[in-house]
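# Observations on the three-dimensional arrangement
Listed here are the chains, written in short residue letters.
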Amino acid sequence: MLRGGRSNIHGGVWAAIAFPCTWSLTLPLLALYPLARSARLKARRLFPVRGRRRHEDPEVARVQRWRAWTAAAISVLILAVYGGPEDFGQVQDQYVLRWAVTPWLLLVTGPLVVAVLHRMASPRARDRMRLPLRTARRSALWYLGALTVSPTVVLLVTPTVMVLPEEWAVLLVPIGLLSALLTAWVMFFMLFATGPAVRSAFNSTEIHAALPALLTGAVVWEFAIVGLFTGGLPPGPPPVQVLVFLGGPVSVTALAWWEIHRLRTRRGVSLRD
């Protein structure tokens, strides 16, 4: 009954109504929590969040931050003056594309740069590189394996389900459940591992003190080429387009070589050692 505009429904009735809705959300979360925790532990073990370089240079880091903020301010200014609504949407697409492409670029570029450094290094330096190389290789293989697990599961499970005899249809439930759990674990692993893996270049920063700067200088030009083919030049007159397009890679490359110069002059670190 309703008295004075208020409902007299007993609290137990409300609990009975809310119970199925609550557990329909709680049960999946309780089931996913062990997967997320396991994936997080594995990701943190392979890619420590607070991994540090052997040679930290506060002055270089400060200039890099200023360069990043300046580049962001210039980008916003160019969009405000010359850009249209479609350009703002394109910036968002480029940001998402960068996060999606970065691991692949590092997986391809990292071994090439490491191979060049290893070739240039002295025999003593090569011996010191052996253990960090093994760690970086294992980390990269783990990440690459995680990237390929979901497509592999789909390619293997789909044909199996299609040719499965009717009397074995009961196997569809455990097959589907295992596939879903494996895919969920991989997604959690990628979520926790991608950021630290990109920042540490798959734990390759311990191989050589100059490797982070060399990788940054190489990957920034690859980003520029990918952005040129996917989104074209930035808005504005041709001189502005060229300056904005080249300004980012050139400034990052200059900072990378400055960092290498400071490593050589202040820390005595050369590309051969």
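For the structure itself, consult the block above.
Residues numbered from 1 in each chain as written. Predicted model: local features only at pLDDT ≥ 70, side-chain atom pairs only at ≥ 80, totals over all residues. Heavy atoms only, no water.

For the coordinates displayed, the defined rule picks out 5 aromatic pairs. Considering the side-chain rings of F47 and Y143, the 6.4 Å spacing of their centres and the 85 degrees angle between planes classify their relative orientation as edge-to-face. One end of the pair, F47, is in the loop between α1 (11–46) and α2 (58–82); the other, Y143, is in helix α4 (residues 123–163), and 96 residues separate them in sequence. Pairing W142 with F189 gives two aromatic rings, centres 6.1 Å apart and planes at 45 degrees, and the pair type is tilted. Of this pair, W142 sits in helix α4 while F189 sits in helix α5 (residues 172–199); the two residues are 47 residues apart in sequence, bridging distant segments of the chain. With a relative accessible area of 0%, F189 lands in the buried category. Here the aromatic cluster, defined as three or more aromatic residues joined through ring pairs, consists of F47, Y143 and F202. (Phe/Tyr/Trp six-rings, centres within 6.5 Å; stacked < 30°, edge-to-face > 60°. Helix = DSSP H or I, 4+ residues; strand = E, 2+ residues; numbered from the N terminus. Buried < 20%, exposed > 50% of the residue type's maximum accessible area, 1.4 Å probe, protein only.)

Another point: the environment of V240. For V240, the location among the structural elements is in helix α7 (residues 238–266). In this structure, the C-alpha to C-alpha distance between V240 and Y82, residues 158 residues apart in sequence, is 10.0 Å. Residues contacting V240, with those up to four places away along its chain left out, are I78, Y82 and P235. (Contact = heavy atoms within 4.5 Å.)

Here the focus is the pattern of salt bridges. In the structure shown here, the tally under the stated rule is 2 salt bridges. As a salt-bridge pair, R262 and E59 come within 3.3 Å of each other at their nearest N and O atoms. A residue pair is termed long-range when its members are at least 10 positions apart, and R262 in helix α7 and E59 in helix α2 qualify at 203 residues. Its relative accessible area of 9% is what places R262 among the buried residues. A salt bridge links R130 to D127; the nearest nitrogen and oxygen atoms lie 3.0 Å apart. Placement of both R130 and D127 in helix α4 is noted, with a separation of 3 residues, approximately one turn of the helix. (Salt bridge = Lys/Arg side-chain N within 4 Å of Asp/Glu carboxyl O.)

Once that is clear, we can look at the packing of α2 against α7. Look at α2 against α7: their axes get within 11 Å of each other, and the N-to-C directions meet at 180 degrees. Taken as axis vectors, α2 and α7 run roughly antiparallel relative to one another. Packed against α2, whose contacting residues are E59, V60, V63, Q64, R67, I78 and Y82, the element α7 presents V240, V244, G248, S251, V252, L255, W258, E259 and R262 at the interface. Taken together, the residues of the contact of α2 with α7 break down into 9 nonpolar, 3 polar and 4 charged. (Axes fitted to C-alpha atoms, helices over the stretch in contact; angles between N-to-C directions. Parallel < 35°, antiparallel > 145°, perpendicular 65-115°, else oblique. Nonpolar A, V, L, I, M, F, W, Y, C, P; charged D, E, K, R; others polar.)

Looking now at α2. Taking 1.5 Å of rise per residue, 25 residues should cover 36 Å, and α2 covers 36 Å from first to last C-alpha, within 8% of that figure. Within α2, burial applies to V60, I78 and L79. (Expected span 1.5 Å × (residues − 1).)

Relative to the helices and strands, A213 resides in helix α6 (residues 211–231). Those residues in contact with A213 that lie beyond four places of it in its chain are A256, E259 and I260.

Right, let's get into a nonpolar patch on the surface. The grouping of W221, V242, L246 and V250 at the surface amounts to a nonpolar patch, some 320 Å² of accessible area in total. In terms of residue count, α7 provides more of the nonpolar patch than any other element does, 3 residues in total. Locating L246 in the fold gives a position in helix α7. (Patch = residues over 30% accessible without salt bridge, like charges linked within 9 Å, V, L, I, M, F, W, Y side chains within 5 Å. Areas by Shrake-Rupley, 256 points an atom, 1.4 Å probe, with all protein chains shown as cover.)

What follows is about the nonpolar core. Residues F47, Y143, W185, F189, M190, A193 and F202 are the most contacted members of the largest nonpolar core, which totals 23 residues. Elements supplying a minimum of two residues to this core: α1, α3 (85–120), α4, α5 and α6. Listed in part, the 20 residues of the second largest apolar core include L133, A136, A201 and I260. (Core = buried A, V, L, I, M, F, W, Y, C linked by side-chain atoms within 4.5 Å.)

Between two packed helices, the angle of one axis relative to the other and the distance separating the axes together describe the packing. It is the contact of α6 with α7, at a shortest axis distance of 8 Å, that shows an interaxial angle of 170 degrees. Here α7 runs roughly antiparallel to α6, going by the angle between their axes. Between α6, through A213, L214, T216, G217, V220, W221, A224 and L228, and α7, the contact on the second element is made entirely by F245, L246, G248, P249, V250, V252, T253, A256, W257, E259 and I260. Looking at the contact of α6 with α7, its residues break down into 14 nonpolar, 4 polar and 1 charged.

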